[in-house]
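Chains, contacts and geometry: an overview
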Amino acid sequence: MTGKEFSIGEDELQAFVDERLGGERRAAVEAHLAASPELAERVALERRQRAMLRSRLDAKFAEPIPARLRIASLRAARRTFWLRSGAGAAAAVALFVAGATAGWFANTIGPAPLAPPPTASVAQGAHAAYRTFVVEVAHPVEVGVQQEAHLLQWLSKRLGRKLAAPDLSPFGYRLMGGRLLPGGTGAAAQLMYDDASGKRLTIYVRAADGSETAFRFQKEGEASTFAWIDQGFGFAVTATATREELLPIAEAVYRGFEGKS
C-alpha cells in the first residue's frame with residue numbers, strides 16, 4: 001500500500017467480483033476482505049455464482065455470429081444508410097469535433113471514475129417500478145393472473161422475447177399478474193407475486209446492453225434487488241427480504257427464464 005486511504009463500498013466489491021479491478025484498488029479490496037471473514041465469504045459465494053453463470057453461457061458465446069451481425073454486414077448497411085441520407089460528411093465532422101473535444105476534456109480532468117456496470121441500471125429500474133406499484137391496493141397489476149396466457153403473450157410481443165411466469169410456489173409466492181412499463185430505450189415488463197401474508201415480490205425484464213454473468217445485489221431502504229443480464233436482456237427480482245432470503249429466489253427465476261428466447 002502507499003498510505004492512501006480507500007473506502008470500500010458495494011460498487012467496489014461488485015467490480016472485484018466481476019474482475020474489473022487492478023493495482024492498488026484490487027489490493028485494497030483484498031486487504032479489506034482479509035480483515036472481514038463474513039464479507040469475504042459473501043464475496044467468494046458471488047464469485048462462484050459468477051463462474052456458474054459464465055459456464056452456462058459459454059456455449060452461447062461459442063455459437064457462430066449470425067451473418068447479419070458480422071462486421072462487414074454492419075459496415076455495408078451503415079455505408080448504405082449514410083449515402084442515402086446525405087448526412088455522411090456532416091456526421092463525420094460532428095464525430096471528429098466531438099471526439100477531439102472529449103479527448104481534450106478527458107486529458108484535462110484525469111482518469112474517469114469507474115463506470116457502473118449495466119446491471120446497476122437494471123436494478124435501479126426494477127427498484128423504481130417495485131416502489132411505485134407494490135403499494136397499490138386497487139390496481140397493483142395491469143392484467144391479472146386470470147388472464148395469465150394473454151398477459152405473457154402480450155408482454156412477450158412487446159419485449160421481443162418469450163416470457164414465462166416462473167413458479168415461485170416453493171417459496172410461498174403466487175403470481176398476481178403483471179404490467180407493461182417503459183424501460184431504457186424500449187419497453188419493460190413487471191410480474192408481481194404475493195404470499196399468504198400479502199408480502200409482494202416483483203420480477204422485472206427489459207432489453208439491456210452488456211454481457212455480465214454475475215448477480216448484482218442492491219438494497220435501498222427495505223427493498224432488496226438481485227439483477228443480471230443474459231442474451232441482451234436484463235432481469236431483476238425485488239422484494240422486502242434479506243440477501244440470503246432473496247438469492248435462492250433469484251436463482252430459481254434465472255433457471256425459469258433460461259433458454260426462453
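Rules and cut-offs
Along each chain, the written sequence defines residue order, and numbers are assigned to residues from 1. Two thresholds apply to this predicted model, a pLDDT of at least 70 for residue-level local features and 80 or more for giving and counting side-chain atom pairs, whereas whole-chain, interface and lining totals are computed over all residues. Where side-chain values are given, they derive from all heavy atoms of the structure, hydrogens and water being excluded. Secondary structure elements are taken from DSSP: a helix is a run of H or I of four residues or more, a strand is a run of E of two residues or more, and numbering for both begins at the N terminus. Burial status follows relative accessibility: with a 1.4 Å probe on protein chains alone, a residue under 20% of its type maximum counts as buried, one over 50% as exposed, and anything between as partly exposed. N or O atoms within 3.5 Å of each other form a polar contact, as long as, within protein, one can give a hydrogen and the other can take it, and as long as residues adjacent in sequence are counted only when both atoms are side-chain atoms. Any two residues whose heavy atoms approach within 4.5 Å at even a single point are treated as in contact. A carboxyl oxygen of Asp or Glu within 4 Å of a side-chain nitrogen of Lys or Arg is what we treat as a salt bridge. As a rule, the C-alpha atoms of each element are fitted with a line to give its axis, helices using only the stretch in contact, and angles between N-to-C directions run from 0 to 180 degrees. Working definition: roughly parallel below 35 degrees, roughly antiparallel above 145 degrees, roughly perpendicular at 65 to 115 degrees, and oblique for all remaining angles. To estimate the expected span of a helix, count its residues, drop one, and scale the result by 1.5 Å.

Observations regarding the side chain of Gln190
Here Gln190 lies in strand β3 (residues 186–194). Exposure remark for Gln190: the relative accessible area of 1% places this residue in the buried category. Here the side chain of Gln190 touches Ala129 through a polar contact of 3.3 Å, landing on its backbone oxygen. In this view, Gln190 contacts Ala129, Tyr130, Phe133, Gly177, Gly178, Arg179, Leu181, Thr202 and Ile203; residues no more than four positions away in its chain are not counted.

A closer look at the pattern of salt bridges
Counted under the stated rule, the structure contains four salt bridges. As a salt-bridge pair, Glu30 and Arg26 come within 3.2 Å of each other at their nearest N and O atoms. Residue Glu30 and its partner Arg26 are both found in helix α2 (residues 23–34); the two are separated by four residues, about one turn of the helix. Accessibility expressed as a relative area gives 25% for Arg26, which makes it partly exposed. Between Arg243 and Glu46 there is a salt bridge, and its shortest N-O distance comes to 2.2 Å. Of this pair, Arg243 sits in helix α8 (residues 243–257) while Glu46 sits in helix α3 (residues 37–62); the two residues are 197 residues apart in sequence, bridging distant segments of the chain.

Re the packing of helix α1 (residues 10–17) against α2
Running from N to C, α1 and α2 point in directions that differ by 105°, and their axes come no closer than 10 Å. One way to sum up the angle between α1 and α2 is to call them roughly perpendicular. Contact residues: α1 offers Glu12, Leu13 and Phe16, while α2 offers Arg25, Arg26, Val29, Glu30 and Leu33.

What to know about α8
Structural remark: α-helix, 3.6 residues per turn; residues separated by three or four positions point the same way. Here α8 contains 15 residues, and its C-alpha end-to-end distance of 21 Å stays within 8% of the 21 Å for a straight helix at 1.5 Å per residue. For α8, the full list of buried residues reads Arg243, Leu246, Leu247, Ile249, Ala250, Ala252, Val253, Tyr254, Gly256 and Phe257.

Distances and angles like these do not, on their own, reveal function.
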